[in-house]
Amino acid sequence: MGLGTSQVLSYTFDTKGLATLYLEEFAVGDRFILEHITLTEEEIYSFAEKYDPQLIHLDPEFAAQGLFKGIIASGFHTVSAVWGQWIRANIMGKENLGGTIDFLRFLAPVRPNDQLHTTAEVVEKIPSSKENRGLVAIKLTVTNQNQKAVLETQCRVIIKGRS
């Protein structure tokens, strides 16, 4: 598996100066546990006002009477925050070569001050016919402080090779 071992690896990353992994070092089954993030009420309002101005994210009285019985974060805020944490971990390096999203599922609401824990798992690795790169499919699973899954997405990212 990854980094020349025969077992599934689990990495825990904070966001302080980490080494980049190259295509050759990724293996199906590798897991990366990212530092948790918290979406504050202020952040939820700020994001919603600018990018997703639905009342469920902005108006406490409206939200209290809705399906979720209170303010929730925009799903796109959650995705952006999680993706930012993945990028800050520098696992893929400073140069993202592009990719696609296979799926994006909002599984449960994210409420103000929820602690979000993300596990990224390599689920597929495809070498490219082009030199020095390949495709890695990474599934991100996000849970809150109660271990309830709130988001699941899978991305295919072009990763640089070492050579």
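For the structure, check the block above.
Residues numbered from 1 in each chain as written. Predicted model: local features only at pLDDT ≥ 70, side-chain atom pairs only at ≥ 80, totals over all residues. Heavy atoms only, no water.

Colleague: So what's going on with the overall build of the protein? Which residues, and what values?
Modeller: Scanning the protein from terminus to terminus reveals 4 helices and 7 strands. The order of α-helices and β-strands along the protein, N terminus first, is β-β-β-α-α-α-α-β-β-β-β. Considering the protein as a whole, with its 163 residues, one finds that 40% of them fall into the buried category. If you take every contact in the protein between residues at least 6 apart in sequence, the share linking residues at least 24 apart comes to 64%. In the structure as shown, the protein presents an accessible area of about 9100 Å², 52% of it carried by carbon and sulfur atoms. (Helix = DSSP H or I, 4+ residues; strand = E, 2+ residues; numbered from the N terminus. Buried < 20%, exposed > 50% of the residue type's maximum accessible area, 1.4 Å probe, protein only. Contact = heavy atoms within 4.5 Å. Areas by Shrake-Rupley, 256 points an atom, 1.4 Å probe, with all protein chains shown as cover.)

Colleague: Got a sec to walk through unusual backbone geometry? Specific residues and values, please.
Modeller: Located in the positive-phi region is asparagine 90, a residue other than glycine, with phi close to 60°. For asparagine 90, the location among the structural elements is in the loop between α4 (75–88) and β4 (99–106). Look at asparagine 90 and you get buried, because its relative accessible area is 15%. A positive phi angle is found at glutamine 147, which is not glycine, with a value near 65°.

Colleague: Now, about helix α1 (residues 41–51): what can you tell me, with residues and values included?
Modeller: All of the buried residues in α1 are Ile44, Tyr45, Phe47 and Ala48. Elements that come into contact with the buried residues of α1 comprise β3 (37–39), α2 (55–58), α3 (60–64) and α4.

Colleague: Lay out the nonpolar core in plain terms, naming residues and giving numbers.
Modeller: In terms of nonpolar packing, the biggest core is built from 34 residues, with Phe26, Phe32, Trp86 and Ile91 touching the most fellow members. Looking at this core, the elements that each hand over two or more residues are β2 (31–34), β3, α1, α4, β5 (114–127), β6 (133–143) and β7 (149–160). Ranked by residues supplied to this core, first place goes to β7 with 5 residues. The residues touching tryptophan 86, leaving out its near neighbours within four places in the chain, are Phe32, Leu34, Ile91, Met92, Ala120, Ile138 and Leu140. (Core = buried A, V, L, I, M, F, W, Y, C linked by side-chain atoms within 4.5 Å.)

Colleague: Tell me what's going on with the side chain of asparagine 144, and back it up with residues and numbers.
Modeller: Among the structural elements, asparagine 144 can be located in the loop between β6 and β7. Look at asparagine 144 and you get buried, because its relative accessible area is 7%. Looking at asparagine 144, its side chain comes within polar contact range of the main-chain nitrogen of asparagine 146, at 2.8 Å. In contact with asparagine 144, other than residues within four places in its own chain, are Asp114, Gln115, Leu116, His117 and Val150. (Polar contact = N/O pair within 3.5 Å; in protein donor to acceptor, adjacent residues only side chain to side chain.)

Colleague: Before we move on, could you go through the packing of aromatic side chains and cite the residues and values that matter?
Modeller: Applying the stated criterion to the full structure yields 4 aromatic pairs. Considering the side-chain rings of phenylalanine 26 and phenylalanine 32, the 5.9 Å spacing of their centres and the 55° angle between planes classify their relative orientation as tilted. An aromatic cluster is present here, built from Phe26, Phe32 and Trp86 joined pairwise through their rings. Here the guanidinium or amino end of arginine 105 rests over the ring plane of phenylalanine 103, the centre of that ring lying 4.0 Å away. (Phe/Tyr/Trp six-rings, centres within 6.5 Å; stacked < 30°, edge-to-face > 60°. Lys NZ or Arg CZ within 6 Å of the ring centre and 35° of its normal.)

Colleague: Outline the environment of alanine 137, listing residues and values.
Modeller: For alanine 137, the location among the structural elements is in strand β6. Spatially, the C-alpha atom of alanine 137 lies 5.6 Å from that of cysteine 155, the residues being 18 residues apart in sequence. Discounting residues that sit within four places of it in the chain, alanine 137 has contacts with Glu121, Val122, Val123, Glu124, Gln154, Cys155 and Arg156.

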